Amino acid sequence: MPADFNQITVPQFTAMKGDGRKITMLTAYDYSQASLVDAAGVEGILIGDSLSMVVQGHSTTLPVTLEEMIYHAEMVGRAVRRALLVVDMPFPSFHLGIYKAIENAGRILKETRCQAVKLEGGAEQAEVIEALVSAGIPVMAHCGLRPQSIHQMGGYRVQTDEKQLLADARAAEQSGAFSLVLECIPAEIAAKITQMVKIPTIGIGAGAECDGQILVFHDLLGLNTGYVPRHAKAYADLKSTITQAVATYRDEVRAGKFPAKDNSF
Ligand code: KIV
């Protein structure tokens, strides 16, 4: 790692729970987004398979490929100096046996500057998590609403089966995951899990008691052109800003105001 990099490591990320410091994570998908997000000082950046929806325009996260995840992770990796970098393992890159899961996760670590992978699943992925961790690949598990299982779950619904959620969280921790995303589960269950496990919980639609929070870049910045989930908070309205700027440019070109003398040689 070049000397000017002072990147947060997996053990440092995990230790934040013990120190009682809230963890902030955001997704990013390219060089310029990641530069801005990293400079703003979040502790973790996820190259999420949500890129299938917010970047590629698909209606689910299922179509994005491993090659495409690696392509975007490379861009993000070139920009980031400080945040821990995590890449989502896309469907079905970890469902084809342990050998294939290690090969695919290994490619992510070899070909990008990312430090860890995230995969959807708890108890049913325990063996895979354990194998990846044994291979030296840090794993962030993802329980609750698992968008890759959208067809099985029957929609983007809050997951309320407390017994299953606790069992998944326990299995993820016991298998060696260094952290756990909790997506769209009741706040009380997320609080219970957060108290139960020693690894940090990162919530999205899982209440304020999680050890950290994650949001999708486009949701936080008001860039989402489609469905905006209830758990997302827009801290800016960049959609309006961008549309307005482009319309002003169009009007100025049509009116002969742009380029002005200052923009000419
Ligand atoms: O793909 C993604 O962006 C995610 C986060 C919403 C946790 O999995």
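The model shown is predicted, which means the values in this text are computed figures rather than measured ones.

From N to C terminus, the chain includes 11 helices and eight strands. Relative to the globule expectation of 18 Å for 265 residues, the C-alpha radius of gyration of the chain, 20 Å, shows essentially globular dimensions. Expressed along its principal axes, the backbone C-alpha trace of the chain runs to roughly 65 × 40 × 40 Å. Excluding contacts between residues fewer than 6 apart, the proportion of contacts in the chain whose partners are at least 24 apart in sequence is 58%. Surface summary for the chain: the accessible area is close to 13,200 Å², and the carbon and sulfur share equals 56%. Separation between the mean location of the 24 positive side-chain charges and that of the 29 negative ones in the chain comes to 4 Å.

Turning to the packing of aromatic side chains, a few remarks are in order. Geometrically, a pair of aromatic rings is defined through the distance of the ring centres and the angle of the planes. The full count for this structure, using the stated rule, is two aromatic pairs. A ring pair is formed by Phe13 and Phe178, whose centres lie 5.9 Å apart and whose planes are at 75°; its orientation type is edge-to-face. Residue Phe13 is located in helix α1 (residues 10-18), and its partner Phe178 is located in the loop between α8 (162-175) and β6 (179-183); the two are separated by 165 residues in the primary sequence. According to the relative accessible area criterion, Phe13 is buried, its value standing at 0%. Of the residues examined, Phe178 reaches a relative accessible area of 6% and is grouped as buried.

Next up on the list: the nonpolar core. One finds Ile45, Ile47, Leu132, Leu180, Leu182 and Ile193 to be the most contacted residues of the largest nonpolar core, which totals 55 residues. Once you skip the residues sitting within four places of it in the chain, Ile45 turns out to touch Met25, Leu26, Ala28, Ala34, Val37, Asp38, Val76, Val80, Ala83, Leu84, Leu85 and Val86. Ranked by size, the runner-up nonpolar core spans 16 residues in total, among them Met16, Met25, Val181 and Ile204.

Another aspect to go through is the pattern of salt bridges. Within this structure, the stated rule accounts for nine salt bridges. Of the charged contacts in the structure, one is a salt bridge between Glu103 and Lys100, with a shortest N-O distance of 2.7 Å. Pair noted here: Glu103 and Lys100 are both in helix α5 (residues 98-111), with a separation of three residues, about one helical turn. Accessibility expressed as a relative area gives 32% for Lys100, which makes it partly exposed. Glu162 is paired through a salt bridge with Lys192; the nearest N and O atoms lie 2.5 Å apart. With a gap of 30 residues between them, Glu162 in helix α8 and Lys192 in helix α9 (residues 187-196) connect regions that are remote in the sequence. On the accessibility criterion, Glu162 (29% relative accessible area) is partly exposed.

When you line up the elements, His72 lands in helix α4 (residues 66-79). Take His72: its relative accessible area is 11%, and that puts it in the buried class. Leaving out residues up to four positions away in the same chain, His72 has contacts with Tyr29, Ile47, Leu51 and Val55.

Both faces of strand β7 (residues 201-204) are covered, namely the face carrying Thr201 and Gly203 and the face carrying Ile202 and Ile204. Relative to β7, β6 runs parallel, the two sharing four bridges. Its bridge partner lying in β7, Val181 is registered against Ile202. Taken together, β6, α9 and β7 form a β-α-β motif whose crossover is right-handed.

Positionally, Ser179 belongs in strand β6. At 3.1 Å, the side chain of Ser179 and the backbone oxygen of Pro200 are in polar contact. Once residues within four sequence positions are removed from consideration, Ser179 is found in contact with Phe13, Val139, Met140, Ala141, Ile199, Pro200 and Ile202.

Scoring rules and cut-offs
Residues numbered from 1 in each chain as written. Predicted model: local features only at pLDDT ≥ 70, side-chain atom pairs only at ≥ 80, totals over all residues. Heavy atoms only, no water. Helix = DSSP H or I, 4+ residues; strand = E, 2+ residues; numbered from the N terminus. Rg over C-alpha atoms; globule rule 2.2 N^0.38 Å. Contact = heavy atoms within 4.5 Å. Areas by Shrake-Rupley, 256 points an atom, 1.4 Å probe, with all protein chains shown as cover. Lys, Arg positive; Asp, Glu negative; His and termini not counted. Charge placed at Lys NZ, Arg CZ, Asp CG, Glu CD. Phe/Tyr/Trp six-rings, centres within 6.5 Å; stacked < 30°, edge-to-face > 60°. Buried < 20%, exposed > 50% of the residue type's maximum accessible area, 1.4 Å probe, protein only. Core = buried A, V, L, I, M, F, W, Y, C linked by side-chain atoms within 4.5 Å. Salt bridge = Lys/Arg side-chain N within 4 Å of Asp/Glu carboxyl O. Pairing = 2+ DSSP bridges. Right-handed = clockwise from strand over helix to strand, strands pointing away. Polar contact = N/O pair within 3.5 Å; in protein donor to acceptor, adjacent residues only side chain to side chain.

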